[in-house]
Amino acid sequence: MSSRTKPKTFVVQFGGGISTQAALNAGSTSVTVAESNPMTLRAFRDPVLKDVTGDILAEPRLKVIDYDGRLFLANTSERYDVIDLSLADSVGLSNPGGFAISEKYAYTREAMLSYMHALADGGVLSITLWNKEEPPKSVLKLYSTVAEAAKTFDPQGAANDIFAVSSYLSTTTVLFKRGGFSEAEIKTLRDYTKSMSWEEVYYPGMIYDGSGARKVLDDYRASIFGSGQDATLTQQPAAGATAPADPTAPANPDCDPTAPADPTLDACAGAGGDAGPQMLPATELQRMSWHALLTGGWEKLAGDYVFDARALSNDQPYFAAYVKVADLPRTLDRLDLFQDDWGYLLIWATLGIACITAASLVLLPVIFGWRIVFSRSRGKLGTILYFACLGLGYIMVEVGLISRFTVALANPTVSASVLISSMLVFSGLGSLFAERIFDRARTMLPLVLLAVCGLLLACGFYLSPVLDRIGAYPYTVRLLLCFLLVSPPAFLMGMPMATAMTWLARLGKEHLFVWAWGINGCFSVIGSAAVPIVATSFGLSAVLQWAAIAYLIAIPAFFAVLLPSKAPSIRLVAA
């Protein structure tokens, strides 16, 4: 809630226009709304649809930004009383399925900081997210992201800047106020929360004793990986056992059993602490999460929780990959419990299939061309390793940068088009230029590979802030800058393949051509399947780091390519 009766409002994503209409109806003096999808804006301006939409885009108080609101706020000097990011994605955000690795840059820690910096003094950032999961997953990632950003923005007062509520299997809302909430504002928000039958999961000054934390964590893990007898979240009493007392029975005349449970303040919480309505495990988990996030202990709690709850960042912008890598083998006999994470599990299955298929294709020439395979040819294994590294490194750079460049281009399809085109153009130019270093390949190509390695490491560490700056330019300029930005590594990455193939021909090792192309292609497939796993587990920068390691390994392997087909014969001269 903003203290101003006529706030200046920014809506991060227009979507269906509900948040925009709500802001206008609330009396905002001006509403700036961002929408990066031109088809959405075109639909709302369509003469046929205007009667249905109320021609909202023609409202004089409304200003439309035709690109990503995150990018606008990161680079504007404007300040707003209210910034709203409410249900910007479909319910599918909580059920990613086949879109398990869709980047959500609007929800990252860096985006949250941009929103907070764009608030005027006393301004409020409002974030509403679908909360359709049990056990909770995406909401915990949101909480940790907002908390990390708040502690960075206001290290001393973050605990007083946040108010969070949740509705079971519906939505959750987090409010951040620049300057902190006053006691009167907290009371107003709590009264409204109670009137809407929402659950308070955090407010400044909220007391949390944590007595039930371990049980909730253990029960959630048991509900997923237990035998079915050790989870008590929904377990019924055994036959003949004494039924527990009615948890909704009032312990005193002031108790209201229908009110949202708050054992720290509710009149239903008697002296024994057991008289009030029983709190939902999801609510207990969310309360303990906020307590740990703002007072300490979050790393341990997140480590003990059954699912991954790490914060989103520009390096890992995914509401996905909730299953921890160590728990993957335990999912195989209970896949029905992971329907909302099947997309992520299928990525692992795809990698396994790619590895098996690649191994099978490699074995075929071993079976049918064993004479060539087992013939004596110097540097064969090193040559195979060299082309494997090139295939793996190149595809990881290409696929990894597509995800990374979405930061500036906002649209994954446009990002893929720009990156693939740029990589092909500049790699082709690099292959053409490689003719000039063929004769000096022994000294020049290791330097080229080392330069590629250095550029990829630099991109991993410094590319994100550069792309944030590019995002402030007009879209045509952004396209051109992104096209050119990838040119240095792409140009150099075009040289190693052409140089090595030329030297195989010069040395009479044409029989290794089939191995060179085959191994390169197989590892390209494996690399493309591995990228989303590396990105979700370790981050997009790790993808470029792995690619840099592949090119580094290719340096010593290249000298095997330069070995002659047969060792030179040694003549013994009689004395």
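Residues numbered from 1 in each chain as written. Predicted model: local features only at pLDDT ≥ 70, side-chain atom pairs only at ≥ 80, totals over all residues. Heavy atoms only, no water.

Q: I'd love a proper account of the sheet that holds strand S4 (residues 80-86), names of residues and values included.
A: Here we have 8 strands laid out as an open sheet, ordered S3-S2-S1-S4-S5-S7-S6-S8, and mixed in their pairing. The sheet terminates laterally at strand S3 (62-65) and strand S8 (199-202), the two strands that pair on one side only. Between one strand and the next, the sheet's axes are offset by a mean angle of 20 degrees, whatever the strand orientation. Across 4 bridges, the pairing between strand S1 (residues 8-11) and strand S2 (residues 30-34) is parallel. Within S2, the position partnered with Thr-9 by the bridge is Val-31. (Pairing = 2+ DSSP bridges. Helix = DSSP H or I, 4+ residues; strand = E, 2+ residues; numbered from the N terminus. Axes fitted to C-alpha atoms, helices over the stretch in contact; angles between N-to-C directions.)

Q: Describe empty space enclosed by the protein, naming the residues involved and giving the relevant values.
A: One simple way to see leftover space: roll a probe sized like a water molecule over the atoms. With the rule as written, the count across this model stands at 2 cavities of 30 Å³ or more. Taken as a whole, the largest cavity encloses approximately 70 Å³ of empty space. As for the largest cavity, its lining consists of Lys-141, Asp-308, Arg-310, Ala-311, Gln-316, Tyr-318, Ala-320, Ala-321 and Thr-536. Residues that form the lining of the largest cavity fall into these classes: 4 nonpolar, 2 polar and 3 charged. For the second largest cavity, the calculated volume is near 30 Å³. Leu-401, Phe-405, Cys-459, Leu-463, Leu-485, Val-486 and Pro-489 together form the lining of the second largest cavity. Elements represented by at least two residues in the lining of the second largest cavity include exactly helix H13 (380-409) and helix H15 (441-470). Along the lines of polarity and charge, the residues of the lining of the second largest cavity split into 7 nonpolar, no polar and no charged. (1 Å grid on protein atoms, 1.4 Å probe; cavity = no way out; pocket = protein on both sides within 12 Å on 5 of 7 lines; lining within 4 Å. Points joined across faces, edges and corners; volume = space filled by probe spheres on them. Nonpolar A, V, L, I, M, F, W, Y, C, P; charged D, E, K, R; others polar.)

Q: Run through the packing of helix H8 (residues 213-225) against helix H9 (residues 281-295), naming residues and quoting values.
A: Two elements in contact, H8 and H9, have axes whose closest approach is 10 Å; the angle formed by their N-to-C orientations is 120 degrees. Here H8 is positioned oblique relative to H9, judged by the angle of their axes. In the crossing of H8 with H9, the sense of the turn from one axis to the other is left-handed. On H9, the residues that touch Ala-213, Val-216, Leu-217 and Tyr-220 of H8 are Pro-281, Ala-282, Glu-284, Leu-285 and Met-288. Across the contact of H8 with H9, the residue classes break down as 8 nonpolar, no polar and 1 charged. (Parallel < 35°, antiparallel > 145°, perpendicular 65-115°, else oblique. Left-handed = near helix turned anticlockwise from the far one by under 90°. Contact = heavy atoms within 4.5 Å.)

Q: Let's hear about unusual backbone geometry: which residues, and what values?
A: If a residue is not glycine, its phi is most likely negative; likewise, a peptide bond is most likely trans. Cis geometry marks the peptide bond from Glu-134 to Pro-135, where omega comes out at 5 degrees. Inspection of the secondary structure puts Pro-135 in the loop between strand S5 (119-130) and helix H6 (138-153). For Ala-321, which is not glycine, the phi torsion reads 55 degrees and is therefore positive. Structurally, the position occupied by Ala-321 is in the loop between helix H10 (298-304) and helix H11 (342-368).

Q: Describe in detail the pattern of salt bridges, supporting the description with residues and values.
A: Summed over all chains, the structure comprises 19 salt bridges. Where Glu-59 meets Arg-61, a salt bridge forms, and the shortest distance between an N and an O atom there is 3.1 Å. A relative accessible area of 22% means that Glu-59 is categorised as partly exposed. Judged by its relative accessible area of 30%, Arg-61 is partly exposed. (Salt bridge = Lys/Arg side-chain N within 4 Å of Asp/Glu carboxyl O. Buried < 20%, exposed > 50% of the residue type's maximum accessible area, 1.4 Å probe, protein only.)

Q: Which residues make up the packing of aromatic side chains, and what values do they have?
A: Considering all chains together, one arrives at 22 aromatic pairs under this definition. Taken together, a centroid distance of 6.4 Å and an interplanar angle of 65 degrees make the contact between Tyr-67 and Phe-72 edge-to-face. Pairing Phe-426 with Phe-483 gives two aromatic rings, centres 5.6 Å apart and planes at 55 degrees, and the pair type is tilted. In this pair, Phe-426 is assigned in helix H14 (residues 412-433) and Phe-483 in helix H16 (residues 475-485), connecting sequence segments 57 residues apart. Exposure remark for Phe-426: the relative accessible area of 15% places this residue in the buried category. Given a relative accessible area of 24%, Phe-483 falls into the partly exposed group. Taken together, Tyr-220, Phe-225, Tyr-305, Phe-307 and Phe-338 form an aromatic cluster joined through their ring pairs. (Phe/Tyr/Trp six-rings, centres within 6.5 Å; stacked < 30°, edge-to-face > 60°.)

Q: I'd love a proper account of a nonpolar patch on the surface, names of residues and values included.
A: Together, Val-48, Leu-49 and Val-52 line one region of the surface with nonpolar side chains, adding up to about 310 Å² of accessible area. Tracing the chain through its elements places Val-48 in helix H3 (residues 47-53). (Patch = residues over 30% accessible without salt bridge, like charges linked within 9 Å, V, L, I, M, F, W, Y side chains within 5 Å. Areas by Shrake-Rupley, 256 points an atom, 1.4 Å probe, with all protein chains shown as cover.)

Q: An account of the side chain of Glu-103 is requested, with residue identities and associated values reported.
A: One can find Glu-103 in the loop between S4 and helix H5 (109-117). No salt bridge forms around the buried Glu-103; measuring N to O, its nearest opposite-charge neighbour Lys-104 is 8.6 Å away. Separated by 2.9 Å, the side chains of Glu-103 and Ser-403 make a polar contact. The contacts of Glu-103, once residues within four sequence positions are left out, are Pro-317, Tyr-318 and Ser-403. (Lys, Arg positive; Asp, Glu negative; His and termini not counted. Polar contact = N/O pair within 3.5 Å; in protein donor to acceptor, adjacent residues only side chain to side chain.)

Q: So what about the confidence of the model for the chain? Which residues, and what values?
A: The share of residues in the chain with pLDDT of 70 or more is 85%, and the mean pLDDT across the chain is 83. Between residues 92-99, whose pLDDT stays under 50, and residues either more than four places distant or in other chains, the model counts 18 contacts. Low pLDDT (under 50) marks residues 234-276, which in the prediction has 44 contacts with non-local residues, meaning those over four places away or in another chain. (pLDDT = per-residue confidence, 0-100.)

Q: I'd like to hear about the environment of Ala-516, residue by residue, with values.
A: With respect to the helices and strands, Ala-516 occurs in helix H19 (residues 513-538). Each C-alpha atom of the pair Ala-516 and Leu-385 lies 9.3 Å from the other, and the pair is 131 residues apart in sequence. Residues contacting Ala-516, with those up to four places away along its chain left out, are Phe-387, Met-501 and Leu-504.

Q: Please provide a residue-by-residue account of H9, values included.
A: In this model H9 runs 21 Å from its N-terminal to its C-terminal C-alpha over 15 residues, within 8% of the 21 Å that 1.5 Å per residue would give. For H9, the full list of buried residues reads Ala-282, Thr-283, Glu-284, Leu-285, Gln-286, Arg-287, Met-288, Ser-289, Trp-290, Ala-292, Leu-293 and Leu-294. Taken together, the buried residues of H9 touch H6, strand S6 (162-166), strand S7 (171-177), S8, H8 and H10. Residue Gly-296 follows H9 closely and has a positive phi angle near 115 degrees. (Expected span 1.5 Å × (residues − 1).)

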